[in-house]
Amino acid sequence: MLTSRKTFLPFALPSISEDAIEEVAGVLRSGWVTSGPKVKQFEMEFGDFVRAPHSIAVNSATAGLHLALEAIGLTEEDAVITTSITFTATTEVICYFHAEPILTDVDPIHNLLTPATLQETIESKCKWDGKVLRSVKTKKQVKAVIPVHLAGYTCNMEEILSIAKKYNLIVIEDAAHAFPAVHKNKMIGTWGDYTVFSFYATKGITTGEGGMITTSHAEAAERMRKMRLHGINRDAFNRPGWYYEVVDAGYKYNMTDIQAALGVVQLKESHAFWERRTEIAKHYNEEFKSIKGLTLPKEDKDGQHSWHLYRVELDPKVAKLGRDSFVEELKDRNIGTSLHFIPIFEHPYYKKTFGFKREEYPNACRMYDRTISLPLFAGMTENDEKDVIDAVKDLLL
Ligand SMILES: *Cc1c(COP(=O)(O)O)cnc(C)c1O
């Protein structure tokens, strides 16, 4: 057996440069720490980067998804289709409105919501009367679909948009894993009606906590800007003097200048981060390709993978170890892993509230039994990388 690493290698860590620390310190010294000029700058630069007409910075992707659903006027009479393999943030925001989440199964290879799984869900769980799509179970009107670019592999947006158009669905992309990612020569951020990015600690770039919504809908963008800060009418707020107007019961979802300062520098460094993650993923793919029973993630055939995660699948009949023992053995060797994700229908709240049945999601169940994410982040050293490669080969070859 190999000697294990001296220190624990987590599956993800943020990369914070001295430049980023300086930029944040500058904000701290400036006297203006909450939403101000840095947030504006970050929104402008992020929007330019993905080429989106409007970008709205918020304090998390969860807040961003909530604001997008609020902007489309979601109510308790409505339903939203999303994937069963995602983080609870994607589905909890639907529940905020007492609307119904309808889950799709995923494809067996990338574990995504695909045009086929979306169409299958529409046919088996919904009813189309020529004008309105309704949930068979609750008769609620299906208003939107939320595809998730799991791990950073892009969903087939052209076909998803065309299915959405056919059934009058608004498309909100959960792009928490998809920065920077390209789909058919266009960056993720301009495909659907709304795209929501996460700057959580482990994501492609981080602001500690944070998120960004991009959209081409000017009116909705204005609504989201108001609702992220108490529903305060911005025109009145920007006026000198004490007068402002509250036009709705809004939220406290604004990003701070401290966060945005970090974001501005992370954005500049994002390409280098992405290059390093891509390099590590390529090395893993090369080193692991001869391991029997281990299915490796693929390059994005339709664009550019963000390589947010490196997820592998172990076939319990062929591989030397089952997934759970593999995880335990890696932990003993000081190598961290994570699982993306426990299917939504497995969680007690969702099971109890919506009565989801796991038999309806065979590919999601299979994925849950077999996959695991190995360490992948820009700050990994060559030694870190080698430790993962050696441990995996030692255990499975
Ligand atoms: C991280 C994550 C979110 C939530 O992001 P926050 O910024 O932490 O709110 C949403 N969806 C997916 C798929 C995620 O991985």
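Conventions used here
- Residues numbered from 1 in each chain as written.
- Predicted model: local features only at pLDDT ≥ 70, side-chain atom pairs only at ≥ 80, totals over all residues.
- Heavy atoms only, no water.
- UniProt positions renumbered as here; feature names shortened; annotations may be inferred.
- Helix = DSSP H or I, 4+ residues; strand = E, 2+ residues; numbered from the N terminus.
- Buried < 20%, exposed > 50% of the residue type's maximum accessible area, 1.4 Å probe, protein only.
- Contact = heavy atoms within 4.5 Å.
- Domains from an automatic or database assignment.
- Buried area = accessible area lost by both parts, 1.4 Å probe.
- Salt bridge = Lys/Arg side-chain N within 4 Å of Asp/Glu carboxyl O.
- Polar contact = N/O pair within 3.5 Å; in protein donor to acceptor, adjacent residues only side chain to side chain.
- Nonpolar A, V, L, I, M, F, W, Y, C, P; charged D, E, K, R; others polar.
- Pairing = 2+ DSSP bridges.

1. Some details on the UniProt feature "modified residue: N6-(pyridoxal phosphate)lysine" (unreviewed entry) in the protein chain
Per the UniProt entry, the sites bearing "modified residue: N6-(pyridoxal phosphate)lysine" (unreviewed entry) are K203 in this numbering. Locating K203 in the fold gives a position in the loop between β10 (194-198) and β11 (211-215). Take K203: its relative accessible area is 19%, and that puts it in the buried class. With residues up to four places along the chain from it excluded, the contact list for K203 reads A176, H177, S198 and H308.

2. Some thoughts on the domain arrangement of the protein chain
Along its sequence, the protein chain is organised into domain 1 (18-267) and domain 2 (269-396). Between domain 1 and domain 2, the C-alpha centre-to-centre distance is 25 Å. In this complex, domain 1 contributes 45 residues to the contact, which on the side of domain 2 involves 36 residues. Surface buried jointly by domain 1 and domain 2 totals about 3,300 Å² across both partners, of which 56% is contributed by carbon and sulfur atoms. Across the domain 1-domain 2 interface, the total number found is 1 salt bridge. Counting across the domain 1 and domain 2 interface gives 24 residue pairs in polar contact (both at pLDDT 80 or more). Its residues placed into classes, the side of domain 1 that touches domain 2 shows 21 nonpolar, 15 polar and 9 charged.

3. Focus on the pattern of salt bridges
Evaluated as defined, the whole model comprises 23 salt bridges. One salt bridge in this structure joins K393 and E287, with 2.5 Å as the shortest N-O distance. With K393 in helix α13 (residues 382-396) and E287 in helix α9 (residues 257-288), the pair connects residues that are 106 residues apart, well separated along the chain. The shortest N-O distance in the salt bridge between K386 and D390 comes to 2.9 Å. Residue K386 and its partner D390 are both found in helix α13; the two are separated by 4 residues, about one turn of the helix. Via salt bridges that share partners, R5, D384 and D387 belong to a single interconnected network.

4. Structural notes on the sheet that holds strand β14 (residues 310-314)
Taken together, the 3 strands give an open sheet; going across it, the order is β12-β14-β15, and neighbouring strands pair in antiparallel fashion. Strands with a single pairing partner mark the edges of an open sheet, and in this sheet they are β12 (294-295) and β15 (371-374). Note: β14 against β15, 4 bridges, orientation antiparallel. Each bridged residue has a counterpart across the sheet, and for E313 the counterpart in β15 is T371.

5. Quick look at the sheet that holds strand β9 (residues 186-187)
Strands sit in the order β9-β8-β13 across an open sheet of 3 strands; the sheet is antiparallel. If you trace the sheet from one side to the other, it starts and ends with β9 and β13 (303-304), each paired once. One ladder, built from 2 bridges, connects strand β8 (residues 182-183) with β9; its direction is antiparallel. When the bridges of β9 are listed, H183 appears paired with K186.

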